[in-house]
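If you want the building blocks of each chain, they are given just below.
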Amino acid sequence: MMANRAGMSTSPRSLVPGFVVSSAAQQADNRSERNHWSAYIAEILDQLGLKAVPLEPESITPGRLSAISTLILPSEAGEWLTGAARDSLERWVEDGGLLIGSNPGYPDAALQDLFGVADEDFTTRGDADPYAPCGAFVLREHPLTQGALWPLHPQAPSPILGDRWLHFPRDAEPLAMLSHNDGKLQHFPAITYRRLGKGACLYFTFDLAQHIWVAHQGRPVDADYDGDGYYRLSDAIPAREFEPELPYADQLLFLLRDVIAQTGQPFIAPVPPMPGSGKPSDVLLYWGGDDEAAAGTQVIASDFMREMGLPYHLNLMPDKQGAFSVSKAEFDAIKANGHENSMHYDFQTDFPHPYAFTEAEVLQQAEWYEQAFGERAACSVFHWCHWVGWSEPAEWMLKAGGCADNSRIHRTSPPLNPTNLIGYVFGTSFPYHFLRDWRGGNERLPFLSEPITLYECGYRYEDLTSDFTELHRGLEMAARFHLTADMFFHPVNLYRAEVAREAVRETLRWLDAHNVLARHMGNDELAYWWFARSRASLTEARVSAEATSFTVACDWPEGCVVQVPCRGDVARVQSSARPCETTLRDEPWGRWLWIACPRGRTSVEVTWR
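The structure contained in this document is the topic of the report that follows.

Reading guide: rules and limits
Per-chain numbering applies: the sequence of each chain, read as written, is numbered from 1 onward. In keeping with the model being predicted, local features are shown solely for residues with a pLDDT of at least 70 and side-chain atom pairs are shown and tallied solely at 80 or more, while totals for entire chains, interfaces and linings include all residues. Only heavy atoms go into the side-chain values, all of them from the structure, while hydrogens and water stay out. Two rings belonging to Phe, Tyr or Trp (six-membered ring only in the last case) form a pair when the distance between their centres is within 6.5 Å. Interplanar angles under 30 degrees mark stacking, angles over 60 mark edge-to-face geometry, and anything in between is tilted. The helix and strand labels rest on DSSP assignments: H or I over at least four residues marks a helix, E over at least two residues marks a strand, and numbering proceeds from the N terminus. Burial here depends on accessible area, computed with a 1.4 Å probe over protein chains only, as a share of the maximum for the residue type. Under 20% is buried, over 50% is exposed, and the range in between is partly exposed. Our definition puts a charge over a ring when NZ of Lys or CZ of Arg is within 6 Å of the ring centre and also within 35 degrees of the ring normal. Note: two strands are recorded as paired if DSSP finds a minimum of 2 bridges between them. The patch calculation keeps residues exceeding 30% relative accessible area without a salt bridge and links them within 9 Å when they carry like charges or within 5 Å when they are nonpolar (Val, Leu, Ile, Met, Phe, Trp, Tyr). In these tables, accessible area is a Shrake-Rupley quantity obtained with a 1.4 Å probe, and a residue counts as shielded only by the protein chains included in the view. Between Lys or Arg on one side and Asp or Glu on the other, a salt bridge is scored when a side-chain nitrogen of the former is within 4 Å of a carboxyl oxygen of the latter. When charges are tallied, Lys and Arg are placed among the positive residues and Asp and Glu among the negative ones, while His and the ends of the chain are skipped. To locate a charge, the coordinates of NZ of Lys, CZ of Arg, CG of Asp or CD of Glu are taken. Nine residue types can take part in a nonpolar core, namely buried Ala, Val, Leu, Ile, Met, Phe, Trp, Tyr and Cys, and a core is a set of them joined through side-chain atoms within 4.5 Å. In what follows, residue pairs with any heavy atoms lying within 4.5 Å of each other are defined as contacts.

## Overview of the packing of aromatic side chains
Okay, so step 1: All chains considered together, the criterion is met by 36 aromatic pairs.
Okay, so step 2: Ring centres 4.3 Å apart and planes at 5 degrees place the aromatic pair Phe331 and Phe373 in the stacked group. Linking Phe331 in helix H10 (residues 328-336) with Phe373 in helix H11 (residues 359-373), this pair joins segments that are 42 residues apart in sequence. This pair shows no difference in class: Phe331 is buried, exactly as Phe373 is.
Okay, so step 3: Between Phe430 and Trp530, the ring centres sit 6.2 Å apart and the planes meet at 20 degrees, which makes this aromatic pair stacked. Residue Phe430 is located in the loop between strand S19 (421-422) and strand S20 (432-435), and its partner Trp530 is located in helix H16 (residues 523-535); the two are separated by 100 residues in the primary sequence.
Okay, so step 4: Of the residues examined, Phe430 reaches a relative accessible area of 4% and is grouped as buried.
Okay, so step 5: An aromatic cluster is defined as three or more aromatic residues linked by ring pairs; in this entry it consists of Tyr345, Phe347, Phe351, Tyr355, Phe357, Phe382, Trp387, Trp396, Tyr432, Phe434 and Phe447.
Okay, so step 6: Note that Arg219 overlies the ring of Tyr225, its terminal NZ or CZ placed 4.5 Å from the centroid.
Okay, so step 7: The ring of Trp438 carries the charged tip of Arg439 above its face, separated from the ring centre by 5.9 Å.

The following block contains the structure:
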């Protein structure tokens, strides 16, 4: 499926995506001790690689809308949209705009008319748990959903984390249907799409921003919800009764991407160019593990990964007196291998459980690391994936000089140590920023979560025998959907178990056999790349029936990759920099041209025929 070319004018149209933010609504929510869920729209757009313009509600005027190609409304839009603004939106959509909205805060007939749905009933939890599912949905087979369907579990229901409405579609076609948790369909849509004039409307009957925010950040760990006796990130999993191998938040990212792509909009890819060749990569694999304070294993594990030509990230754990099992000489030897060292916070060993660690304790262990090795840790991990509260540990690690965490576990507990399994129980395979709760004004922190997705895959831990089934399944999904995927292997296992080393070798064999260009990183480098991607800009995008053009600026050493939805066969690619490496991808969800643009500012024009 190519991007919609029907009726496209030969004169170029500017592509400027935007999203509406209401500072007043956020302040009111925070004063009322509530999270302003719509604050997460900016993070959703950042994960998409879409550079959008924020607009206050008073900016919804014909003049301002004329410069916007795609507009995302927050869920509370119905509370403050004036009649004139709604009329302006309808005319703008008819003239070719794409409007995306979700679950208005209260029934608004005019907005429902615009999205092509009719109100039936509102299902809310009132003062009940805002971090628990209130329903589910199943995607339908449709040209626009092909990129969101997950081949491992195509009919598995996805949870809905947030309030939802019951609607009847009138002039809109359902892209997903509400379902029971067992997948049995209901008669109401969860997501609809309406064509209106030259434009279209995409509508979610639930609060999209709340849904993805809660999926990513989970529930606050303020109790031992899974009953395993510990405060761990398995307690934060918001939809534990749903399929753990379903990246349900990423499914909606992919759906947003493919609907927005109908306008011709280019995106910044989640994976950078390959070093050396400069070609667009297919997937990004990041490699790391925790040393478990197992003396004598770390350098040998690092040496093995160096022999494999791979990066590696080792999290080093102190004892309760602040001593590490790695000497400064061993630390330097690991760095000389081109590998990363970092901190492995331990609030598991000899602590009374369930244990709620504190800011002072995090800062103390971070100080031990700096005193031992002369530098601060960047991306760290909590032993046994311990956690307390919501964003608080991220705030404390940021204060200690860190920038990312790799503790978001991939499966529920039990089992305590879910080896040789893939999982996406926080809904995503991609990094994302933490946001503070209402007490911190829902501030977006310069601190990332790097979720665990493939954990000790490729062998059975219990009897140390090779089993590549889960490894192959995880790699297949990562390559197909161009994910960032965590390849988590403990140094002690690479040291002691040939089957663990063979799993690493099998990963490289599989990539080679399937002609997959993988960009390999350690956890620190992934964080630095993701921050660079967030800083990158994509401006001056224009599209016509004959050409797509844009200007991208990125400070990552290898530059970045821009994904361009094809509007025909590629006739020519012109660049203001050196000739760009390109890859034409015939995906199940459409044809895309990936263009690797070098570091700095690059203007590109693609001519179609």
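That covers the picture; the talk isn't over yet.
## Remarks on the sheet that holds strand S29 (residues 560-565)
Okay, so step 1: Within the open sheet, the four strands sit side by side as S13-S29-S32-S31. Their pairing is antiparallel. This sheet does not close on itself; its edge strands, each paired only once, are strand S13 (267-268) and strand S31 (581-587).
Okay, so step 2: In terms of strand pairing, S29 meets strand S32 (residues 590-597) through six bridges, oriented antiparallel. Paired with Val562 across the strands is Ile595, a residue of S32.

## Thoughts on a negative patch on the surface
Okay, so step 1: Taken together, Asp87, Glu90, Glu94 and Asp95 make up a surface patch of like negative charges.
Okay, so step 2: When you line up the elements, Glu94 lands in helix H5 (residues 83-94).

## Regarding the pattern of salt bridges
Okay, so step 1: By the definition in use, this model includes 36 salt bridges.
Okay, so step 2: For Arg170, the salt bridge identified is with Asp113, shortest N-O distance 2.2 Å. Here Asp113 lies in helix H6 (residues 109-115) and Arg170 lies in the loop between strand S9 (164-169) and strand S10 (173-179), a separation of 57 residues in the sequence.
Okay, so step 3: Given the relative accessible area of 47%, Arg170 is considered partly exposed.

## What about unusual backbone geometry?
Okay, so step 1: Omega for the bond connecting His353 with Pro354 falls within 30 degrees of zero, at 0 degrees, which places this linkage in the cis form.
Okay, so step 2: Within the secondary structure, Pro354 is located in the loop between strand S16 (340-345) and H11.
Okay, so step 3: Residues Pro414 and Pro415 are joined by a peptide bond in cis, for which omega reads 0 degrees.
Okay, so step 4: The phi dihedral of Asn420 falls on the positive side, at around 55 degrees, and the residue is not glycine.
Okay, so step 5: Tracing the sequence through the fold places Asn420 in the loop between strand S18 (404-405) and S19.
Okay, so step 6: Despite not being glycine, Asn515 shows a phi value in the positive range, around 55 degrees.
Okay, so step 7: Tracing the backbone through its elements, the reader meets Asn515 in the loop between helix H15 (498-513) and strand S26 (518-522).
Okay, so step 8: Since its relative accessible area comes to 64%, Asn515 is described here as exposed.

## Considering the nonpolar core
Okay, so step 1: One finds Ile191, Phe204 and Phe550 to be the most contacted residues of the largest nonpolar core, which totals 174 residues.
Okay, so step 2: Among the elements that line this core, the one with the most residues is helix H8 (residues 248-260), at nine residues.
Okay, so step 3: In this view, Ile191 contacts Phe137, Leu139, Glu173, Pro174, Leu175, Ala176, Leu202, Tyr203, Phe204, Phe206, Leu252 and Leu255; residues no more than four positions away in its chain are not counted.
Okay, so step 4: Counting 21 residues, the second largest nonpolar core, distinct from the first, contains Leu55, Ala85, Trp92 and Phe115.

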